[in-house]
2 protein chains.
Amino acid sequence: MSVITIERKVLEKNDQVAAQNRELFQRHRVFVFNIVSSPGAGKTSILERTLEELKGSLRIAVVEGDVQTDFDAQRVARYDVPVVQIVTHGGCHLEAGLVRDALVRLELTGLDLLVIENVGNLVCPANYDLGEALKVVVLSTTEGDDKPLKYPTMFRNAAVLIINKVDLLPYVNCDLARLRRNALQINPGLRVFETSCTTKAGIAEWCDWLREQVSRQK
Amino acid sequence: MSVITIERKVLEKNDQVAAQNRELFQRHRVFVFNIVSSPGAGKTSILERTLEELKGSLRIAVVEGDVQTDFDAQRVARYDVPVVQIVTHGGCHLEAGLVRDALVRLELTGLDLLVIENVGNLVCPANYDLGEALKVVVLSTTEGDDKPLKYPTMFRNAAVLIINKVDLLPYVNCDLARLRRNALQINPGLRVFETSCTTKAGIAEWCDWLREQVSRQK
């Protein structure tokens, strides 16, 4: 029981810092999303395709969260956008305080869009508000259509679901209609995109939607 | 700092219960492995193929760990083996105490092999000993060849790596040789199998190895 109490206190403390981050983002009129998924679902690849599409028209920065290594930050830095790497050294999720510390190294003034790429984990990051406008959960078709029911908190707390790797549908045991149905059963308000970072299917629709969110923030 | 201290105490308590579980398993001469991976890497599918292959010759039972739902236990129960479902209700890993509670519902006498299928999470279950003889980590080729370096603790604490979904290699950006190299860089002692639950490639080798482990336990 003591552990539960402490966890609640950790979450309360996290939420306070998240509220401060959110205030900071709103003051600078930056649209911020927190992108979450299992390892290897394609968060960084979606980010790469998004940067290709939007870099000319929007000013974008990235905060990368990883358990270990700065591989993802290196991939993103090739697109010539400001990127800050947070290494959690075994920690299973980002917390608002880590993001606040990362923000010291970013210029928010003039920024349109900030992407926070979380640690690859479909469980723990669900409960940690970082101050983002919304969470985007990525699920790969290779993970199977039952995952929204098996890991419901993440799908409940996200506003957007990107179903990625749709190019692999012919080769995997995943029913796209059932996946959508399962996700919407958990969270009927989910905005769903279907993408492939290989064929670039769905990337334009996702980026159009992002542009709209950014313009609303202004 | 207080959180770290408490986490250490939680781990110490867990390790005490894990040691009791291990003693119980050894007394009954049951070989026990704890199978871990990201969501959707194929733990349950490997278990299904393993049950098909070994059910006639070995007495097997399964403990299923899930954040929510008993879908995996239902899949496993079709093979007519004893299965106990643990639902963590949001918890991101199994703990030794949960396994101990599940064991009350299993007859260990006469059992050869007990499989504990952990929650889909490549981070948190790495640090929790359940009393198993060893951890088997499953990584799908669809997750990419960089994952052992990005999530090193799990690969360091496992004795076996199953690289699953090798049938998808022609369609995904994953260099099998590099994946192996990265995994062995983290843990040179890893026993590596390459499998496909669709084509059944590698399943016989994996099951032969399992038979050997079981016979050593007797």
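Structure first, text after, so check above.
What you see is a predicted model, and the numbers here were worked out from it, not measured in a lab.

What counts, and where the lines are drawn
Residues numbered from 1 in each chain as written. Chains lettered and ligands numbered in written order. Predicted model: local features only at pLDDT ≥ 70, side-chain atom pairs only at ≥ 80, totals over all residues. Heavy atoms only, no water. Contact = heavy atoms within 4.5 Å. Buried area = accessible area lost by both parts, 1.4 Å probe. Salt bridge = Lys/Arg side-chain N within 4 Å of Asp/Glu carboxyl O. Polar contact = N/O pair within 3.5 Å; in protein donor to acceptor, adjacent residues only side chain to side chain. Buried < 20%, exposed > 50% of the residue type's maximum accessible area, 1.4 Å probe, protein only. Helix = DSSP H or I, 4+ residues; strand = E, 2+ residues; numbered from the N terminus. Pairing = 2+ DSSP bridges. 1 Å grid on protein atoms, 1.4 Å probe; cavity = no way out; pocket = protein on both sides within 12 Å on 5 of 7 lines; lining within 4 Å. Points joined across faces, edges and corners; volume = space filled by probe spheres on them. Nonpolar A, V, L, I, M, F, W, Y, C, P; charged D, E, K, R; others polar. Phe/Tyr/Trp six-rings, centres within 6.5 Å; stacked < 30°, edge-to-face > 60°.

Examining the interface of chain B and chain A
One frequent convention defines the size of an interface as the accessible area lost when the parts assemble.
Stage number 1. At the junction of the two partners, chain B supplies 33 residues and chain A supplies 33 residues.
Stage number 2. Buried surface at the junction of chain B and chain A, summed over both partners, amounts to about 2,600 Å²; 66% is from carbon and sulfur atoms.
Stage number 3. Interface area lost by chain B to chain A is led by Pro39(B), Lys150(B) and Tyr171(B), which between them contribute 22%.
Stage number 4. Across the chain B-chain A interface, the total number found is four salt bridges.
Stage number 5. Residues Lys150(A) and Asp66(B) are paired through a salt bridge, measuring 3.4 Å at the closest nitrogen-oxygen approach.
Stage number 6. At the boundary of chain B with chain A, the tally comes to nine residue pairs in polar contact (both at pLDDT 80 or more).

Quick notes on the pairing of strand β1 (residues 31–37) of chain B
Residues and elements named next belong to chain B.
Stage number 1. The buried fraction of β1 amounts to seven of the seven residues, a majority that puts the element mostly inside the structure.
Stage number 2. Along β1, one buried face is formed by Phe31, Phe33, Ile35 and Ser37 and the opposite face, lined by Val32, Asn34 and Val36, is buried too.
Stage number 3. Bridge count between β1 and strand β5 (residues 134–140): five bridges; the pairing is parallel. Bridge pairing in β5 places Phe33 opposite Leu134.

Details of empty space enclosed by the protein
Stage number 1. As enumerated under the stated definition, the model contains two cavities of 30 Å³ or more in all.
Stage number 2. The space that makes up the largest cavity amounts to roughly 60 Å³.
Stage number 3. What lines the largest cavity is a set of 14 residues, among which Thr142(A), Glu143(A), Pro39(B), Thr142(B) and Glu143(B) lie closest to the centre.
Stage number 4. Here the lining of the largest cavity is composed, by residue class, of four nonpolar, seven polar and three charged.
Stage number 5. By volume, the second largest cavity is sized at about 50 Å³.
Stage number 6. Every residue along the wall of the second largest cavity is listed here: Leu122(A), Val123(A), Ala126(A), Asn127(A), Tyr151(A), Pro152(A), Thr153(A), Met154(A), Val67(B) and Gly90(B).
Stage number 7. Taken together, the residues of the lining of the second largest cavity break down into seven nonpolar, three polar and no charged.

Focus on the packing of aromatic side chains
Residue and element names in this part refer to chain A.
Stage number 1. For the structure on display, the rule yields nine aromatic pairs over all chains.
Stage number 2. With centroids separated by 5.5 Å and ring planes inclined at 85 degrees, the aromatic side chains of Phe33 and Trp206 adopt a geometry described as edge-to-face. Within this pair, whereas Phe33 is found in strand β1 (residues 31–36), its partner Trp206 is found in helix α8 (residues 203–217), the two being separated by 173 residues in sequence. Here Phe33 and Trp206 have matching classes, each one buried.
Stage number 3. Ring plane angle 20 degrees and centroid distance 5.9 Å describe the contact between Trp206 and Trp209, whose orientation is recorded as stacked. With Trp206 and Trp209 both in helix α8, this residue pair falls three residues apart, about one helical turn.

These figures come from the coordinates and say nothing about function on their own.
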